[in-house]
2 protein chains.
Amino acid sequence: METTMNEIGIGLLGFGTVGAGVVEGLQRHADLIAARVGARPVLRWIADLDLERDRGVAVDRALLTRDAKAVVEDPAVDVVIELIGGVGIARELVTRALELGKPVVTANKKLLAEHGESLFGLAAARGAALAFEASVAGGIPIIKALREGLVANHIDAVYGILNGTCNYILTRMEREGLAFDAALKAAQSEGYAEAEPSLDIDGYDTAHKAALLATLAYGCSVPMQALHVEGIRGIATDEIRYAAELGYRVKLLAIIKHEASGISARVHPTLVPARHMLGSVDGVYNAVLVRGDIVGDTLYYGRGAGRLPTASAVLADVADIASRLARGEKTTPPVLPPGGARARLVELAEVRARYYLRLSLLDRPGVLARVAAILGANGISIASMIQKEQRQGGHVPVIALTHDAEERSFRAALAEIDTLDVVGAPTVALRIEDFA
Amino acid sequence: METTMNEIGIGLLGFGTVGAGVVEGLQRHADLIAARVGARPVLRWIADLDLERDRGVAVDRALLTRDAKAVVEDPAVDVVIELIGGVGIARELVTRALELGKPVVTANKKLLAEHGESLFGLAAARGAALAFEASVAGGIPIIKALREGLVANHIDAVYGILNGTCNYILTRMEREGLAFDAALKAAQSEGYAEAEPSLDIDGYDTAHKAALLATLAYGCSVPMQALHVEGIRGIATDEIRYAAELGYRVKLLAIIKHEASGISARVHPTLVPARHMLGSVDGVYNAVLVRGDIVGDTLYYGRGAGRLPTASAVLADVADIASRLARGEKTTPPVLPPGGARARLVELAEVRARYYLRLSLLDRPGVLARVAAILGANGISIASMIQKEQRQGGHVPVIALTHDAEERSFRAALAEIDTLDVVGAPTVALRIEDFA
């Protein structure tokens with residue numbers, strides 16, 4: 001007996017790196033996906049302004065078009081994949097597709113971090129899916145894990161290494177003792193960093209993803225502006241070396257936490273224990289630790305970017321939608337529950353953390369006591385302190401790890417310390433996360 | 001405007017440790033689940049033979065019954081959760097529920113590993129879900145990741161640390177230098193091992209889970225009997241210590257691989273690189289590495305057992321089903337695609353691996369050469385060899401790591417080596433997995 005297989009028409013907008021990966025994935029595994037979900041994804045159109053460049057995949061030229069709007073309107077297109085990026089034309093096309101009630105799959109974290117609330121609202125109103133697995137942590141199915149796998153949990157915290165470029169740079173700095181600039185150059189020549197690397201190394205890419213994860217975890221829109229963002233540009237090799245001696249590694253970490261007074265969301269270089277799973281994440285890999293109140297700690301690891309890993313996530317969303325369409329499901333669970341209240345977002349000044357300090361102090365009796373007194377007066381106690389070198393009369397680096405302290409008190413203490421006449425250079429401070 | 005929320009009636013069969021966790025999870029988070037999926041799970045019945053024992057959760061006594069069959073038949077029960085375990089009454093009840101077209105959620109890996117093919121077939125025929133996230137790796141949403149998150153991938157390999165008891169014992173042995181028996185006793189007194197620990201330590205529990213993962217990865221029933229299973233009972237502290245010196249840790253690993261000639265599936269103690277993510281998994285935690293041809297390596301980590309982590313997985317399945325029912329989805333994607341062929345399973349003898357050897361050799365010139373000659377004659381080359389101690393005239397331990405070799409050749413070489421008059425005790429052999 002022959003079974004009639006549903007076909008799901010795909011309109012692909014954007015034929016860049018990931019777009020070519022999606023085409024390759026469909027060429028290789030349309031049959032596999034069809035067997036698994038009971039509906040066959042079929043590519044109807046590929047829209048791009050550049051129809052000539054070789055993307056390394058053979059495509060039927062009849063599928064190519066420069067008219068992305070017509071692709072969205074075509075009744076033969078059941079699902080729109082948006083891989084154009086940015087918030088200009090991409091936003092228009094996604095909006096139009098959702099208005100038509102067509103499910104949209106996108107990897108566009110910027111669009112969702114900046115306009116997610118209205119787009120998710122539109123999607124919910126039309127009962128159309130707006131799927132974005134590929135927008136966070138590439139091929140790792142973290143969106144699905146958070147939305148579905150851990151659906152029975154209140155989320156206590158999410159910790160993520162979400163930018164492969166930064167993690168690659170930090171790994172090279174640690175392994176080879178490279179300075180930041182040299183490691184960035186290496187990342188650029190390996191194709192892991194852009195010529196203009198600011199979006200990655202200044203933490204904005206991570207922040208876009210963190211805003212999305214926070215939105216999902218707490219069912220309320222968390223705007224980018226609510227996040228405190230520091231990148232890795234200023235990181236010195238010294239910090240990485242001293243951290244290693246103390247059993248830590250420096251990672252650019254997104255931290256989203258449910259605190260007593262609200263939700264805190266921030267991105268900054270962080271000392272994480274080398275023995276912890278997140279401390280074991282090397283090179284371009286990403287990982288996300290999700291702490292649920294029922295399940296405890298779970299962690300998800302994999303390639304956070306790249307042509308095929310990202311395509312894997314795009315096609316998983318397509319397959320989900322195809323499966324639902326094939327089974328006659330009429331609507332899609334909304335990303336933001338209806339009537340979800342705005343979360344109270346905690347200011348950085350209120351957040352508590354442990355700190356790593358590298359002080360530059362005159363090597364003279366009584367100096368450490370003065371620093372300790374200032375910390376103590378601000379309610380900050382020292383967990384351990386190491387004087388790294390002896391140098392007759394000059395300034396020496398002193399490394400201190402503090403116990404838990406409020407950011408506000410910590411900054412006040414630091415400002416006071418840096419005015420001391422025995423301090424030779426501004427104190428370097430990094431937050432520590434022990435995942436306790 | 002008041003929205004009418006769909007209620008999904010739950011019949012819970014089995015009020016043991018995990019059952020009590022499910023009740024607690026529902027008490028804490030029924031509202032959260034309802035907000036997230038648009039349907040409220042409501043407990044209609046709890047069936048157990050023992051209605052008196054205190055499970056640490058307060059329940060309305062009117063929900064309790066000893067008549068599990070009546071629970072399955074009750075039209076107010078939309079979803080059946082089976083947490084009885086075993087293949088007796090559990091199989092009857094699951095079968096009956098599916099015959100009635102009712103979705104079933106189970107944590108019963110033994111039932112599915114032994115009778116999955118017929119039960120999945122019945123579920124597909126009735127269009128009812130047979131969901132089992134909780135049966136493998138507890139709270140980690142690995143089934144969802146494999147079936148949905150990686151749906152666009154051919155699965156090249158799955159590697160799993162799937163038994164928390166074994167991993168706890170091995171971690172204690174490594175950290176404290178405990179002998180196996182002492183570490184097992186410690187696990188028992190901590191509540192991490194049963195009084196009769198064979199199911200865990202002899203590898204059968206891991207094998208049940210591996211059979212399920214193989215079935216999912218390749219869309220064809222992989223019977224338990226097809227797996228080669230070795231447990232950790234015979235592991236000596238020496239192996240753990242020598243492995244650590246060589247940069248490895250000993251883990252009970254399930255390995256499922258797509259080989260040129262078919263699928264291999266096995267469970268055995270394995271040396272894994274200490275720096276690898278799977279080498280960082282300590283204590284009762286579980287982790288699964290899935291290698292897809294599109295996405296590359298992804299890894300999933302969390303608590304593999306326990307009252308609440310397992311309940312988290314059960315309730316995720318319930319929420320998925322509730323969401324689908326609420327949105328009018330009529331059928332459920334089958335676990336095994338229709339017409340799925342039987343996989344060719346590769347015999348252990350054909351499998352290739354690297355090996356760790358601890359030889360007991362007379363400390364005399366020419367002895368190593370005789371061993372190396374036998375290995376060489378069987379096509380096995382040595383990657384490194386360390387003589388651990390010098391002892392005048394007696395037998396000394398010699399550690400050798402081999403390159404890739406076929407199990408058949410390796411066993412032949414080992415048998416020959418152990419007949420040599422210079423060998424003081426049977427050679428200890430463990431497989432190495434470098435995840436290359």
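Basis of the calculations
- Residues numbered from 1 in each chain as written.
- Chains lettered and ligands numbered in written order.
- Predicted model: local features only at pLDDT ≥ 70, side-chain atom pairs only at ≥ 80, totals over all residues.
- Core = buried A, V, L, I, M, F, W, Y, C linked by C-beta atoms within 7 Å.
- Buried ≥ 20, exposed ≤ 12 C-beta atoms within 10 Å, placed from the backbone.
- Contact = placed C-beta atoms within 7 Å.
- Helix = DSSP H or I, 4+ residues; strand = E, 2+ residues; numbered from the N terminus.
- Nonpolar A, V, L, I, M, F, W, Y, C, P; charged D, E, K, R; others polar.
- Pairing = 2+ DSSP bridges.
- Axes fitted to C-alpha atoms, helices over the stretch in contact; angles between N-to-C directions.
- Parallel < 35°, antiparallel > 145°, perpendicular 65-115°, else oblique.
- Left-handed = near helix turned anticlockwise from the far one by under 90°.

Visitor: I keep staring at the nonpolar core and nothing clicks. Help me out?
Guide: Soluble, globular proteins show a tendency: their nonpolar side chains are buried together. Membership of the largest hydrophobic core comes to 300 residues, with the highest contact counts inside it found for A:Ile81, A:Ala210, A:Val314, B:Ile81, B:Leu130, B:Ala210 and B:Val314. Setting aside residues no more than four positions away along its own chain, B:Ala210 makes contact with B:Gly160, B:Leu162, B:Leu227, B:Ala254, B:Ile256, B:Ala265 and B:Val267.

Visitor: Would you take a moment to explain the interface of chain A and chain B for this structure?
Guide: Think of interface size as the accessible area that goes away when the parts come together; that is how it is often given. Contact with chain A, which involves 51 residues of that partner, is made by 51 residues of chain B. Elements with a minimum of two residues in the side of chain A that touches chain B: helix H1 (17–37), helix H5 (142–149), strand E12 (296–303) and helix H11 (307–326) of chain A. For the side of chain A that touches chain B, the element with the most residues is H11(A), which contributes 10 residues. Of the residues contributing to the side of chain A that touches chain B, the split by class is 24 nonpolar, 17 polar and 10 charged. When E12(A) meets strand E12 (residues 296–303) of chain B, the two strands line up antiparallel, connected through 3 bridges. Each residue of the ladder has a partner; that of A:Tyr301, found in E12(B), is B:Leu299.

Visitor: Just checking my understanding: could you explain the packing of helix H3 (residues 89–99) of chain B against helix H4 (residues 109–126) of chain B for this structure?
Guide: To describe two helices that pack against each other, one gives the angle between their axes and the distance between the axes. All names here are of chain B. With their axes 9 Å apart at the nearest point, H3 and H4 run at an angle of 15° to one another. For the element pair H3 / H4, the angle class is roughly parallel. Considering the relative orientation of H3 and H4, their crossing is right-handed. Across the interface between the two elements, Ala 90, Arg 91, Val 94, Thr 95, Leu 98 and Glu 99 from H3 touch Leu 111, His 115, Leu 119, Leu 122, Ala 123 and Arg 126 from H4. Tallied by class, the residues present in the contact of H3 with H4 amount to 7 nonpolar, 2 polar and 3 charged.

Visitor: Before we go on, may I ask you to explain the environment of A:Ala179 in this structure?
Guide: Residue and element names in this part refer to chain A. As for its position among the elements, Ala 179 is in the loop between helix H6 (164–176) and helix H7 (180–189). Given 12 C-beta atoms within 10 Å, Ala 179 falls into the exposed group. Along the backbone, Ala 179 and Ile 255 are 76 residues apart, and their C-alpha atoms lie at a distance of 26 Å.

Visitor: How should the environment of A:Gly366 be read in this particular structure?
Guide: Residues and elements named next belong to chain A. The residue Gly 366 is located in the loop between strand E13 (352–362) and helix H12 (367–377) in this model. The class for Gly 366 is exposed, based on 8 C-beta atoms found within 10 Å. Between the C-alpha atoms of Gly 366 and Cys 220, which are 146 residues apart in sequence, the distance is 51 Å.

Visitor: Just checking my understanding: could you explain the packing of H1(A) against H11(A) for this structure?
Guide: Residue and element names in this part refer to chain A. Where H1 contacts H11, the axes come no closer than 8 Å and their chain directions differ by 40°. The angle between the axes of H1 and H11 places the two elements in the oblique class. The handedness of the crossing between H1 and H11 comes out as right-handed. For the pair formed by H1 and H11, the contact residues are Thr 17, Val 18, Ala 20, Gly 21, Val 22, Glu 24, Gly 25, Ile 33 and Val 37 on the first element and Arg 307, Leu 308, Thr 310, Ala 311, Ser 312, Val 314, Leu 315, Ala 319, Ala 322, Ser 323 and Ala 326 on the second. Per-class residue counts for the contact of H1 with H11 are 12 nonpolar, 6 polar and 2 charged.

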